[in-house]
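Chain and residue survey
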Amino acid sequence: MDSAMVARRSQHTLWHWATPQAEAALATRDLGAILRFHRAVHGMNQSELGRLLGYDKTYISLLELGKRSLEDVSSRRHIAEALRLPPHVVGVTDPADTDHRAMLQFGESTVRLAEIARQSGHASEAVAELWPLVARLEARMEDGHTERDVLHLLARARVGLGVALGNVLPEERLSTAARWTAKSIDIARYFGDPAFTSYVLRMHGNELRKARLHGAAVDRLQHAAALAPDHEAKAAVLPLLARAAGTLRNQPLFDEAMSETDRLLDETEHTSLFNPYALHEIRLRGLMSTGRTDIAIQLVEQGSPVPTTTVAPQWRVIELITVAQVRLAADDCGGAAQSLHTAVDEAVRQRLPHQLQRIVRAAHHLLPEIREVADHALDRIRQEMAA
């Protein structure tokens, strides 16, 4: 097999151990079945596989037929390395395999803890935890180790990293967050799991919106909603779609997404993803964007709903800014100033440069003192990030 053919096959079969068919073959722990699967995916004959492993065609045939067993640990370890497999799938337990399993367990914990940190207002800590994990998993993939569990973990770690970056980066750098979430789309689609693909597209679509790629955001979020396998998953997508539609001033799509969200949340007990407090902010912003400021003002005068569950600290900042924008539209500069003062303090404490930039725009020429304070705070954060 010449080098060009090897390169083409390697490109085509990059994730061959991540497919459901591969998972079934590996689960058997049958060396013959594993060898046959490898040959089928790579388009190899027994002679070519023999050259890869250092055996002749006849020996490969006997192994595949189960007429010869390979009890020697070093030989099995050699096959695992050549096929880019964890040693335990061919019956070998060694320090490298133990390290692989420990890496997966550690990685799962890291992704979960990073999400908790981000939701608790510690997005910078989430980024710090996820960077090394993503780097390690990507290095393993580049080395040809593309087992299903590794790729699934990598996809979730990339999404987590992108979303955390979307909290800590200023607006001019938010495309970086969107690029990280985008890196998980191919893996999600390859697995063919609608629920997982919907999740990845949902998170990516929201980062695209924050990066001001609004048309692409709506496209991804509509796709995520279409793939959502149940009411809970769909209720997680639709508010984000409503927000993106509002930004595009697409009133019919905004109204449709909000109405469907309200209906779904009435029908399910799962309100932790988007409770009325968060939906209130999304509704206000969308009404303002679609030219219905009078309705937004009425809602603000009625007051914000009490959160039904714990909300991420950044949601409080986001809601304060949006309420201030509505109050300014109602010529209530005093109420707007009060909201923005609190928002500045919280945005500084939570280190949210994107929200400070929103405060600067909201204050504009009507509240110059607040704009100046937010500007100075933003400069300090930028200097710290550049250091």
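- Named according to an unreviewed UniProt entry, the protein is HTH cro/C1-type domain-containing protein originating from Streptomyces aurantiogriseus.

**Points about the nonpolar core**
- The biggest cluster of nonpolar side chains holds 72 residues, and the ones touching the most others in it are Leu130, Leu137, Ala157, Leu161, Leu165 and Leu241.
- Top contributing element to this core by residue count: helix H9 (residues 148-168), with 12 residues.
- Here Leu241 is in contact with Val218, Leu221, Gln222, Leu253 and Ala257, once residues within four sequence places are set aside.
- Core analysis: the next-biggest nonpolar cluster, separate from the first, contains 23 residues, Val317, Ala336, Ala337 and Leu356 among them.

**Points about the packing of aromatic side chains**
- One pass over the full model with this rule turns up 3 aromatic pairs.
- Ring geometry for Tyr55 and Tyr59: centres 5.1 Å apart, planes at 70 degrees, overall edge-to-face.
- Overall, the relative accessible area of 16% leaves Tyr59 in the buried class.
- Summarising the aromatic geometry, the rings of Phe196 and Tyr199 are spaced 6.1 Å apart at their centres and angled 25 degrees between planes, so their arrangement reads as stacked. With a gap of 3 residues between them, Phe196 and Tyr199 both fall in helix H12 (residues 194-210), about one helical turn apart.
- Judged by relative accessible area, which is 27%, Tyr199 ranks as partly exposed.
- Here the guanidinium or amino end of Arg148 rests over the ring plane of Phe191, the centre of that ring lying 4.4 Å away.
- A cation over an aromatic ring shows up here: Lys183 above the ring of Trp180, its NZ or CZ 4.0 Å from the ring centre.

What counts and how
Residues numbered from 1 in each chain as written. Predicted model: local features only at pLDDT ≥ 70, side-chain atom pairs only at ≥ 80, totals over all residues. Heavy atoms only, no water. Core = buried A, V, L, I, M, F, W, Y, C linked by side-chain atoms within 4.5 Å. Buried < 20%, exposed > 50% of the residue type's maximum accessible area, 1.4 Å probe, protein only. Helix = DSSP H or I, 4+ residues; strand = E, 2+ residues; numbered from the N terminus. Contact = heavy atoms within 4.5 Å. Phe/Tyr/Trp six-rings, centres within 6.5 Å; stacked < 30°, edge-to-face > 60°. Lys NZ or Arg CZ within 6 Å of the ring centre and 35° of its normal.

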